[in-house]
Amino acid sequence: MSSAFLAGLRFEARMMRRDGAIWFALLALAGVALFALAMGASRVVSQQAAIAGARADETQRLTNLQKTLAQLQQGETQGKPAPEPPPFRDPRNAAFMGGGPAAAVAALAPGPLALVATGQSDLLPPAVRVTTGSKDSFLFADEIDNPANLMSGATDLAFVVVFVYPLVILAMAFNLLAGEREQGTLSMSLASARRPAAALAGKLTARVAAPILATLLAVAAGVWIFAGWERLATPGFAVLLIVVLLYGLFWAALAAAVDGLGRSSAFNALTLIGAWVAITMILPAAINSIAGFAHPAPSRTDMVLAARAASIDADRARDASLARYAQEHGDAEKPAGGPQEATLRRLATQEAAFQRVEAIVAEHDAQLARQRDMADRLGYLSPAYLTYQALADIAGSGETRYRAFLDRIRAFHLDWREFFLSRAKAGAALTAQDYAAMPKFTQADEELVGPAPAGLAGPLIGVALPMLILAALAMRGYRRCRI
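These numbers come from a predicted model, not from an experiment.

Scoring rules and cut-offs
Residues numbered from 1 in each chain as written. Predicted model: local features only at pLDDT ≥ 70, side-chain atom pairs only at ≥ 80, totals over all residues. Heavy atoms only, no water. Patch = residues over 30% accessible without salt bridge, like charges linked within 9 Å, V, L, I, M, F, W, Y side chains within 5 Å. Areas by Shrake-Rupley, 256 points an atom, 1.4 Å probe, with all protein chains shown as cover. Salt bridge = Lys/Arg side-chain N within 4 Å of Asp/Glu carboxyl O. Lys, Arg positive; Asp, Glu negative; His and termini not counted. Charge placed at Lys NZ, Arg CZ, Asp CG, Glu CD. Helix = DSSP H or I, 4+ residues; strand = E, 2+ residues; numbered from the N terminus. Core = buried A, V, L, I, M, F, W, Y, C linked by side-chain atoms within 4.5 Å. Buried < 20%, exposed > 50% of the residue type's maximum accessible area, 1.4 Å probe, protein only. Phe/Tyr/Trp six-rings, centres within 6.5 Å; stacked < 30°, edge-to-face > 60°. Lys NZ or Arg CZ within 6 Å of the ring centre and 35° of its normal. Contact = heavy atoms within 4.5 Å. 1 Å grid on protein atoms, 1.4 Å probe; cavity = no way out; pocket = protein on both sides within 12 Å on 5 of 7 lines; lining within 4 Å. Points joined across faces, edges and corners; volume = space filled by probe spheres on them. Nonpolar A, V, L, I, M, F, W, Y, C, P; charged D, E, K, R; others polar. Axes fitted to C-alpha atoms, helices over the stretch in contact; angles between N-to-C directions. Parallel < 35°, antiparallel > 145°, perpendicular 65-115°, else oblique. Left-handed = near helix turned anticlockwise from the far one by under 90°.

There is a patch of like positive charges on the surface, built from Arg-10, Arg-14, Arg-17 and Arg-18. Looking at the secondary structure, you find Arg-14 in helix H1 (residues 3–17).

Here you go:
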């Protein structure tokens, strides 16, 4: 490293130490990052509590059912049958037990660095109760957050890094040349250095290194405080630091490239603010809009309403069939055939609703997958988009992990239906052995991991490549700077 570079670095660092505004900006940036990580840790605790509550409820329900089943079987064995419970409380009734009382919990535990980004976790619950009913009866049963909160977005580290962090870097580096030129000190700075371009690079490094180092230190401190020191030794944390570093260098290179054009401070400020708005707001919104226009899909609300309407239509069809039967058979109130016939009719209604809801959800998911694929390709136009996606994947709240979770729920749902409905259609009563053999959403399924750090190579290259191009343009502008 040349002496001119080091001289410029030391000189600018001494100047910055005397500037109270710079200290305020750096402390505010670090404080906001720590606050965001604290909010993320609070969100993780809520998710863990929701999962623990769902599992405790599942254990309690199954324990009560098995206890009631044992009492019924003991009474039958001793010739003293207990009072017959209603079908929806009878632990031997496969049609009703699989539809709710014995429902299985499918949970997605927060990732090791889940406090970094909210991602998809505010749209999907961390745990659902899988039943034999259609997906709308358990997957979209509850809104997990206030719609107003969902609209405004969560305060997390990803938000601070993508939106706030670049503003501080731009504020520090937007007028390195322009400011000295307007103050009349540029000629003296260039004349005092044997290699003016290296001296200017040193001064720029001092300016942009301060916010980048402040953010990296705040991230490390926050993860240590709110997630534990062992998280600092994970590959995910190393990739997190690389993402934050590359994103900061991109904005530093952009500021230097604009400053290297030799225009005024006002021009630099307006140009960089415009670039910040375009890269962090307009381009991501445009990418999603283009993907949505190319592959339109109904909103999640419309899809849920359509799925619920399909279930209601199936129930109405069943009621109409029963009404016609009563009208055609005079005083008969119920169809002949006994309880098993009634169960088969009920299952036929559920199957009709299931098939209709499956078709609606499958069409929505297929269209949404095409949107995501197109948005992922267009995302390379915006480093901010790539950075957010990378942070969400590191946190385990990205689309890849949640898509795998939903695919696993889909497969488990089919296994669950097959287990209960096959017994209900055969008229077989559930036994203690059946309860022990029920499908389980296993621990391995819950530990669906996000992409390995190597899987983030694309987004990292997508940020690094424009950063290198802008850095080359900046160096060209600095070398053209003359006394």
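There's more to say after this.
With that settled, consider the nonpolar core. Ranked by size, the top nonpolar core spans 76 residues in total, and within it Val-116, Tyr-165, Leu-240, Trp-251 and Leu-254 carry the most contacts. Per-element accounting of this core gives the leading share, 16 residues, to helix H9 (residues 235–259). Residues Ala-102, Ala-104, Phe-405 and Ile-409 belong to the second largest nonpolar core, which totals 29 residues.

Let us now look at the packing of aromatic side chains. Per the counting criterion, the structure on display carries 9 aromatic pairs. Measuring from ring centre to ring centre gives 5.3 Å for Phe-250 and Trp-251, while their planes differ by 80°; the resulting arrangement is edge-to-face. In this pair, the class of Phe-250 matches that of Trp-251, namely buried. Measuring from centroid to centroid gives 4.6 Å for Trp-416 and Phe-420, while their planes differ by 50°, and the two rings are tilted. Of the two residues, Trp-416 and Phe-420 both sit in helix H14 (residues 399–426), 4 residues apart, roughly one turn of that helix. Both residues of the pair, Trp-416 and Phe-420, belong to the buried class. Clustering of aromatic rings is evident, with ring pairs tying together Phe-405, Phe-412, Trp-416, Phe-419, Phe-420 and Phe-441. Between the NZ or CZ atom of Arg-263 and the centre of the ring of Phe-267, over which it lies, the distance is 4.2 Å. A cation over an aromatic ring shows up here: Arg-423 above the ring of Phe-419, its NZ or CZ 3.9 Å from the ring centre.

By the element assignment, Asp-434 lies in helix H15 (residues 432–436). When near neighbours in sequence (up to four residues on either side) are disregarded, Asp-434 contacts Phe-419, Arg-423 and Ala-429.

On inspection of all chains with the given rule, the structure shows 3 cavities of 30 Å³ or more. Considering only enclosed or pocket space, the largest cavity measures out at about 70 Å³ in volume. Every residue lining the largest cavity is counted, 15 residues in all, and those nearest its centre are Gln-47, Pro-110, Ala-114, Ser-121 and Tyr-402. Its residues assigned to classes, the lining of the largest cavity comprises 7 nonpolar, 6 polar and 2 charged. In this structure, the second largest cavity spans a volume of roughly 50 Å³.

By the element assignment, Arg-417 lies in helix H14. A residue is classified by how much of its surface remains accessible, and Arg-417, at 6% relative accessible area, is buried. With residues near it in sequence (within four places) discarded, Arg-417 still touches Thr-132, Gly-133, Glu-351, Phe-354 and Ser-422.

The contact between helix H5 (residues 157–173) and H9 brings their axes to 9 Å, and the two run at 40°. For the element pair H5 / H9, the angle class is oblique. Judged by the twist between their axes, the crossing of H5 over H9 is right-handed. Across the interface between the two elements, Val-161, Val-162, Tyr-165, Pro-166, Ile-169, Leu-170 and Ala-173 from H5 touch Val-244, Tyr-247, Gly-248, Trp-251, Ala-252, Ala-255 and Asp-259 from H9. Here the contact of H5 with H9 is composed, by residue class, of 12 nonpolar, 1 polar and 1 charged.

Looking now at the environment of Leu-204. Counting through the fold element by element, Leu-204 comes out in helix H8 (residues 196–227). Sequence separation of Leu-204 and Ala-255 is 51 residues, and the distance between their C-alpha atoms is 9.8 Å. Not counting residues within four places of it along the chain, the set of residues in contact with Leu-204 comprises Ala-173, Leu-176, Ala-256 and Tyr-478.

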